[in-house]
Amino acid sequence: MARATRVHDDALVRVGRALRLALLVALALLFLIPFYLLVRNGLAREEDITSPDWTFFPASVQWGNLSELFDDSSVPFLRSLLNSALIAVATTVGTVLLASLAGYGLARIPYRHANKVFYAILGTLMVPAAVTFVPTFVLVSSLGWVSTLRGLIVPTLFSAFACFVFRQYFLGFPQELEDAARVDGLGPWRTYWRVVVPNARPVFAAVGTIVFIGAWNSFLWPLVIGQDRNAWTVQVALSSFTTSQVVRLHELFIAAAVSIVPLLLVFLLFQRWIVAGVERSGID
């Protein structure tokens, strides 16, 4: 009787695992559909994309669409990719540096108004971006930063969300490590760089990944500030393939496929740290 019960339980466990695996496969395929459409339409002819007769993959793969994308003189796509890469990296480094220093200061420096400053920073999250958009543009324009990398990078360096994440993480950081560093003669600045930062890599990677993806996908601010073609980002370049005069679907799809490759690489590189960083930051 006991053996029959065990066999029955084992069968239920195997069925449960099979069902979970089938569900995961189905969800994975569902999430992969947009990537499949990008690749399929990016390597197809214009008539294959708009044809009412759908085929899983075009009979004639148009690898020339890729070279056509980079040879198109009307859209400086390669320059846009380089601009986006430079802006995303600079924004990520600057935001992580400023937010981590602010978060560490709010969590560790004994100041009676620290909580008030923190709540004021959180209060900026409640201000819609549309409210500050025009004043920020006026300020950037008055500084002569329109169509410059400074105008595209500097206004985006300050993130209240990143500051909040770092502050929550540093509140739970082991105080004993910092006390040991002070006993060894390290000051606050050297303690931060030599003890805190090396032991906070997960939260740095998590925040950095989120900021990088947001900077890479940013559209409205680069569209307004990058008025010169040489200052376009990849998102602005993508929008230029669809205008009121012409719609170049095959270039749009292949360009979108190329533009997500850096995001996939960054995500695959730091994915194991994203969850760890969010968990350690104290976010529910």
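Read on for a plain summary of the structure. (Residues numbered from 1 in each chain as written. Predicted model: local features only at pLDDT ≥ 70, side-chain atom pairs only at ≥ 80, totals over all residues. Heavy atoms only, no water.)

Observations regarding the nonpolar core
In a soluble, globular protein the nonpolar side chains are often hidden away together inside.
In step 1: Within the largest apolar cluster, 23 residues are counted, with the highest numbers of intra-cluster contacts made by Leu69, Phe77, Trp216 and Phe241.
In step 2: With five residues, the top contributor of residues to this core is helix α14 (residues 249-259).
In step 3: Every residue in contact with Phe77, bar those within four places of it in the chain, is listed here: Leu69, Phe70, Val234, Ala237, Leu238, Phe241, Ala255 and Val258.
In step 4: Grouped together as the second largest cluster of nonpolar side chains are 18 residues, Tyr104, Ala107, Phe170 and Val197 included. (Core = buried A, V, L, I, M, F, W, Y, C linked by side-chain atoms within 4.5 Å. Buried < 20%, exposed > 50% of the residue type's maximum accessible area, 1.4 Å probe, protein only. Helix = DSSP H or I, 4+ residues; strand = E, 2+ residues; numbered from the N terminus. Contact = heavy atoms within 4.5 Å.)

Brief notes about unusual backbone geometry
In step 1: Phi is positive for Ser147, close to 65 degrees, though the residue is something other than glycine.
In step 2: Considering the arrangement of structural elements, one finds Ser147 in the loop between α6 (129-142) and α7 (149-153).

Structural notes on the packing of helix α3 (residues 64-71) against α14
Helix-helix packing: each pair is described by the crossing angle between the helix axes and the interaxial distance.
In step 1: Between α3 and α14, the least distance of the axes is 9 Å, while the angle of their chain directions is 90 degrees. Accordingly, the angle class assigned to the pair α3 and α14 is roughly perpendicular. Counted together, Asn65, Leu66, Glu68, Leu69 and Phe70 of α3 and His250, Glu251, Ile254, Ala255 and Val258 of α14 form the full contact between these two elements.
In step 2: A class-by-class count of the residues in the contact of α3 with α14 yields six nonpolar, two polar and two charged. (Axes fitted to C-alpha atoms, helices over the stretch in contact; angles between N-to-C directions. Parallel < 35°, antiparallel > 145°, perpendicular 65-115°, else oblique. Nonpolar A, V, L, I, M, F, W, Y, C, P; charged D, E, K, R; others polar.)

Considering a nonpolar patch on the surface
In step 1: A contiguous nonpolar surface patch, about 750 Å² in accessible area, is contributed by Leu21, Val25, Leu29, Leu32, Phe35, Leu264, Phe267 and Leu268.
In step 2: Counting only elements with at least two residues in the nonpolar patch, the list comes to α1 (2-42) and α15 (261-281).
In step 3: The element best represented in the nonpolar patch is α1, accounting for five residues.
In step 4: With respect to the helices and strands, Leu21 occurs in helix α1.
In step 5: You can call Leu21 exposed: its relative accessible area is 54%. (Patch = residues over 30% accessible without salt bridge, like charges linked within 9 Å, V, L, I, M, F, W, Y side chains within 5 Å. Areas by Shrake-Rupley, 256 points an atom, 1.4 Å probe, with all protein chains shown as cover. Salt bridge = Lys/Arg side-chain N within 4 Å of Asp/Glu carboxyl O.)

A closer look at the packing of aromatic side chains
One pair of aromatic rings is described through two measures. These are the centre distance and the angle between the planes.
In step 1: Following the criterion strictly, the structure yields 15 aromatic pairs and no others.
In step 2: Each ring, one from Phe118 and one from Phe164, has its centre 6.1 Å from the other, and the planes form 15 degrees; the classification is stacked. In this pair, Phe118 is assigned in helix α5 (residues 114-123) and Phe164 in helix α8 (residues 160-171), connecting sequence segments 46 residues apart.
In step 3: A residue is classified by how much of its surface remains accessible, and Phe118, at 4% relative accessible area, is buried.
In step 4: Ring plane angle 85 degrees and centroid distance 5.4 Å describe the contact between Phe133 and Trp221, whose orientation is recorded as edge-to-face. Here the residue Phe133 occupies a position in helix α6, and Trp221 occupies one in helix α12 (residues 220-225), the gap between them amounting to 88 residues.
In step 5: According to the relative accessible area criterion, Phe133 is partly exposed, its value standing at 22%.
In step 6: Each member of the aromatic cluster is reached from another via a ring pair, and the members are Tyr104, Phe166, Tyr169, Phe170, Phe173, Trp189, Tyr192, Trp193 and Phe204.
In step 7: Taking the ring centre of Phe118 as reference, the NZ or CZ of Arg167 above it sits at 3.9 Å.
In step 8: Arg229 extends its terminal NZ or CZ atom over the ring of Trp232, reaching a point 5.8 Å from the ring centre. (Phe/Tyr/Trp six-rings, centres within 6.5 Å; stacked < 30°, edge-to-face > 60°. Lys NZ or Arg CZ within 6 Å of the ring centre and 35° of its normal.)

Shape is all these values report; function is a separate question.
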